[in-house]
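One letter stands for each residue in the lines below.
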Amino acid sequence: MPGTVTINASGVGAAQSGTVTTAAGSGAGKIMVTNDSDSTINFDVATAGTTVQSNITVQAKDYRIVEGLNDGAQTLVSLTTSHGTSAQVNEVVYNTLIA
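Residues numbered from 1 in each chain as written. Predicted model: local features only at pLDDT ≥ 70, side-chain atom pairs only at ≥ 80, totals over all residues. Heavy atoms only, no water.

Caption draft 1: Layout of the overall build of the chain. Of regular secondary structure, the chain possesses 0 helices and 8 strands. In the chain, the succession of helices and strands from N to C terminus is β-β-β-β-β-β-β-β. Computed over the C-alpha atoms, the radius of gyration of the chain is 13 Å, within 12% of the 13 Å expected from 2.2 N^0.38 for a compact globule of 99 residues. Projected onto its principal axes, the C-alpha coordinates of the chain cover approximately 40 × 20 × 20 Å. Partitioning the intrachain contacts of the chain with sequence separation of at least 6 by distance along the chain shows that 69% fall at a separation of at least 24. By element, 50% of the accessible surface of the chain is carried by carbon and sulfur atoms, the whole surface being about 4,900 Å². (Helix = DSSP H or I, 4+ residues; strand = E, 2+ residues; numbered from the N terminus. Rg over C-alpha atoms; globule rule 2.2 N^0.38 Å. Contact = heavy atoms within 4.5 Å. Areas by Shrake-Rupley, 256 points an atom, 1.4 Å probe, with all protein chains shown as cover.)

Caption draft 2: Up close: the sheet that holds strand S1 (residues 3–6). Ordered in space as S1-S8-S3-S6, the 4 strands form an open sheet in which the pairing is antiparallel. Sheet topology places S1 and strand S6 (62–69) at the edges, where each strand pairs with a single neighbour. Ignoring which end each strand starts from, the neighbouring axes of this sheet average 20° apart. Summarising the sheet, S1 and strand S8 (residues 92–97) pair through 4 bridges and their orientation is antiparallel. Considered in S8, the bridge of Gly3 is made with Asn95. (Pairing = 2+ DSSP bridges. Axes fitted to C-alpha atoms, helices over the stretch in contact; angles between N-to-C directions.)

Caption draft 3: Region of interest: the environment of Thr34. Residue position: Thr34 is located in strand S3 (residues 29–35). As for Thr34 and Thr96, which are separated by 62 residues in sequence, their C-alpha atoms are 8.0 Å apart. Setting aside residues up to four positions removed in sequence, Thr34 forms contacts with Asp62, Tyr63, Val92, Val93 and Tyr94.

Here's what the structure looks like:
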């Protein structure tokens with residue numbers, strides 16, 4: 001099951017629901033972030049609560065593979081869109097384990 005982040009009308013993502021845990025070895029973890037919203041998103045990735053990669057951008061209806069993650073729970077944090085509108089309410093970004 002992927003983790004999900006739901007966007008609100010201000011263009012801000014809620015806390016990620018669902019756990020995505022990498023266990024591929026130090027620096028070998030990978031996740032795929034799928035932006036199913038109609039806006040470009042910007043976010044950070046935290047491993048076990050500590051931000052490890054910052055200012056990652058994914059275009060609307062696109063995805064990005066984030067590599068080089070250490071073992072642990074991977075969460076999308078500080079997720080924002082380029083602007084907030086009521087049309088974005090409940091749009092979802094998915095965090096899926098690859099390795």
